[in-house]
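# Chains, contacts and geometry: an overview
Now for the letters of each chain:
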Amino acid sequence: SVWPDWAYINYEPAPAACTEYAADDSIIFEEMPIFDVTRCSSNLLTNGDFESADLPGLSGWQNNEMDLELVQSEPGFALKAKVNSNRHVASHYISQYIDRSCLDSLVKLEFNADVRFEDSNSGKKDWCHGISCPKATIDFIGEEWDEAPIFSFVIGTISNTESVNGWYRMHGSILLNEHYEIPDRVMLRIEQPHNRSDFIIDNVSLTVSRATPAPSTPLIPTISPQPTPILTNLALGKPAIQSSTVSTYGAFLAVDGNTNGNFGAGSTSSTGSGNNYWMVDLQAVASIRSIKIYNRLDCCKERLNNATISVLDYNQHIVHVQTLTDDSPDIATFTFDNVEGTYVRIFVSNILSLAEVEVYGYHLNQVPSLSPTVEPTTVPSLSPSISNIPSSLASSLPSTSVEPSMSPTLSSMKNLVLNKPAQQSSTAGNAGADLAVDGNTN
């Protein structure tokens, strides 16, 4: 039941310890049916309430280095997942494959689940806070089963850390647009909390609905010419990650300001083999004008061929994609027409080695509205010089006794570091850097 009806499984001769099994190359995908809202309207997951699940197969649920058991819940059953003895494995999770035929351009995936936590040693109720809470992701799986996902998107988080009878609500959604190339294998993955607590999960659902294109924004007349923004390298020194790392050649070496492409100089990032990605977090919504990629030069320049460069928004949804067409370039430059995004990701079906990645653009700043009663979509924003407004437009503006304020009030400001990734030079016990941005000032 892990696989949809249009996937054929060829079972191999069974080893002595089990009755039957599917080898890595056993799955044969036949012609995929077209997307149909009615057919795909129900829960895309099998046994999300665990009422008809049974061990050891759990009817569709799989695990990576976790021991699973069904436990009594109110009402019925829930699934308990706890770390097994192989604690040195970096990633522990439960997962289930999704019917690919129910995914299409312009569909919305919505995820919900109830989760509670137990201390792995004492069995007492535990809690989560900040980035120590688990998350659910949608993984696009490549052709090789043991490779890192081509793409991974966060679809479920615990935003409200107040529990009800010990249960937390994990939820979220993503919108698939025309920029996504969806592979045959797509997986929902629920990770173990960072604090290594055991977790119990119930009422897991993943639903899909057809999304409607956003209406085009009407043009608003420009009151005064805007100054030309100063373009800077927004990626310099920003947090970066990659799908795998060879030795000490981490993702950060591609944003250290050193463009030396000689691998021996020690300023070039490098992943392992297979499908790989590198991604930088610009830590703000930015208008991106160009991206410059400095290739490794002492060898292997062809590894960058056909690279896919994606700009993602704050929720890591793809908003723009370009593909490298040059052959074995020393430097690859991509230009953009003011694409807005927060992350830049580079993907190749090979080892990925980057001397440097530069992202040129500027941060977008939100200008506060003139008055709480004025609708921003119907009244053009005013420039600092009131006298620059044409008389034909000034006569049409609503009268107001509120003086224009060109600076935000304290009440309109937001805490930009809340629940953001944090790190520190060393950690005592479980007092990690995330505790300083969890919203608790105690």
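Treat the numbers as computed from the prediction; the structure is a model and nothing was measured.

Another aspect to go through is the overall build of the protein chain. A tally of regular secondary structure across the protein chain gives one helix and 21 strands. Buried residues in the protein chain amount to 42% of all 442 residues. At a minimum sequence separation of 6, the contacts of the protein chain that also span at least 24 residues come to 72%. Entry remark: accessible area of the protein chain is about 24,400 Å², with carbon and sulfur atoms responsible for 50%.

Unlike most non-glycine residues, Asn47 shows phi in positive territory, near 55 degrees. Here Asn47 is to be found in the loop between β2 (27–29) and β3 (62–64). Taking the relative accessible area as the measure of exposure, Asn47 reaches 14% and is therefore buried. The phi torsion at Ser328 lies on the positive side, around 50 degrees, for a residue other than glycine. Tracing the backbone through its elements, the reader meets Ser328 in the loop between β19 (318–323) and β20 (331–348).

This paragraph deals with the side chain of Glu191. Position of Glu191 relative to the elements: it lies in strand β12 (residues 185–191). Since its relative accessible area comes to 14%, Glu191 is described here as buried. Here the side chain of Glu191 touches Lys135 through a polar contact of 3.1 Å, side chain to side chain. In terms of polar contacts, Glu191 uses its side chain to reach the side chain of Arg189, at 2.6 Å. Discounting chain neighbours no more than four positions away, the residues touching Glu191 are His92, Tyr93, Pro134, Lys135 and Phe199.

Once that is clear, we can look at the sheet that holds β3. One open sheet accounts for five strands, arranged β3-β6-β12-β9-β10; its pairing is antiparallel. Of all the strands in the sheet, the pair left with one neighbour each is β3 and β10 (151–156). This sheet shows a mean twist of 30 degrees between the axes of neighbouring strands, independent of strand direction. With six bridges joining them, strand β9 (residues 136–141) and β12 adopt antiparallel strand pairing. Each residue of the ladder has a partner; that of Ala136, found in β12, is Ile190.

So, about the side chain of Asp139. Structurally, Asp139 is set in strand β9. Polar side-chain contacts of Asp139 include one of 3.1 Å to the side chain of Thr137. Every residue in contact with Asp139, bar those within four places of it in the chain, is listed here: Pro149, Phe151, Ser152, Arg185, Val186, Met187 and Arg189.

Time to look at the pattern of salt bridges. Scanning all chains against the criterion turns up eleven salt bridges. Between Asp99 and Arg39 there is a salt bridge, with the nearest N and O atoms lying 3.8 Å from each other. Taken together, the positions of Asp99 in the loop between β6 (93–98) and β7 (107–118) and Arg39 in the loop between β2 and β3 put the pair 60 residues apart, joining distant regions of the chain. For Asp99, a relative accessible area of 19% corresponds to the buried category. Taking the relative accessible area as the measure of exposure, Arg39 reaches 37% and is therefore partly exposed. Across the pair Glu118 and Lys80 runs a salt bridge, and its minimum N-O distance is 2.9 Å. With a gap of 38 residues between them, Glu118 in strand β7 and Lys80 in strand β5 (residues 77–83) connect regions that are remote in the sequence. For Glu118, a relative accessible area of 13% translates into the label buried.

Across all of its chains, the model carries three aromatic pairs by this definition. Ring centres of Phe50 and Trp61 lie 5.6 Å apart, and the angle between their planes is 35 degrees; this geometry places the pair in the tilted category. On the criterion of sequence distance, the pair formed by Phe50 in the loop between β2 and β3 and Trp61 in the loop between β2 and β3 is long-range, its members being eleven residues apart. With respect to class, Phe50 is no different from Trp61; both count as buried. Ring centres 5.4 Å apart and planes at 50 degrees place the aromatic pair Phe117 and Tyr168 in the tilted group.

We now examine the pairing of strand β17 (residues 276–295). Of all 20 residues in β17, 15 are buried; the element is thus mostly enclosed. Both strand β15 (residues 240–242) and β17 contribute to a ladder of three bridges, which runs antiparallel. By the bridge assignment, Ile241 is partnered in β17 with Met279. Two elements, β17 and β20, share 14 bridges in a ladder whose sense is antiparallel.

Moving on, we get to a nonpolar patch on the surface. A contiguous nonpolar patch, built from Val285, Tyr314 and Leu364 and spanning about 250 Å² of accessible area, is present on the exposed surface. Among the structural elements, Leu364 can be located in the loop between β21 (353–363) and α1 (391–394).

Let us now look at the confidence of the model for the protein chain. Reading predicted coordinates in detail is not appropriate for stretches of low pLDDT. For the protein chain, per-residue confidence averages 76 on the pLDDT scale, and 69% of positions sit at 70 or higher. Taken element by element, the predicted model of the protein chain shows its lowest mean pLDDT in α1 (40) and its highest in β21 (95). Note that residues 366–412 has pLDDT below 50 and, in this model, 33 contacts with residues that lie over four places away or in other chains.

Grouped together as the largest cluster of nonpolar side chains are 51 residues, with contacts concentrated most on Phe111, Phe140 and Ile201. The biggest single contributor to this core is β7, with six residues. When neighbours within four sequence positions are excluded, Phe140 is seen to be in contact with Pro149, Ile150, Phe151, Phe153, Leu176, Tyr180, Glu181, Ile182, Pro183, Arg185 and Val186. In terms of nonpolar packing, the next biggest core, distinct from the first, is built from 28 residues, Val255, Ala307, Leu324 and Val344 among them.

About the cut-offs
Residues numbered from 1 in each chain as written. Predicted model: local features only at pLDDT ≥ 70, side-chain atom pairs only at ≥ 80, totals over all residues. Heavy atoms only, no water. Helix = DSSP H or I, 4+ residues; strand = E, 2+ residues; numbered from the N terminus. Buried < 20%, exposed > 50% of the residue type's maximum accessible area, 1.4 Å probe, protein only. Contact = heavy atoms within 4.5 Å. Areas by Shrake-Rupley, 256 points an atom, 1.4 Å probe, with all protein chains shown as cover. Polar contact = N/O pair within 3.5 Å; in protein donor to acceptor, adjacent residues only side chain to side chain. Pairing = 2+ DSSP bridges. Axes fitted to C-alpha atoms, helices over the stretch in contact; angles between N-to-C directions. Salt bridge = Lys/Arg side-chain N within 4 Å of Asp/Glu carboxyl O. Phe/Tyr/Trp six-rings, centres within 6.5 Å; stacked < 30°, edge-to-face > 60°. Patch = residues over 30% accessible without salt bridge, like charges linked within 9 Å, V, L, I, M, F, W, Y side chains within 5 Å. pLDDT = per-residue confidence, 0-100. Core = buried A, V, L, I, M, F, W, Y, C linked by side-chain atoms within 4.5 Å.

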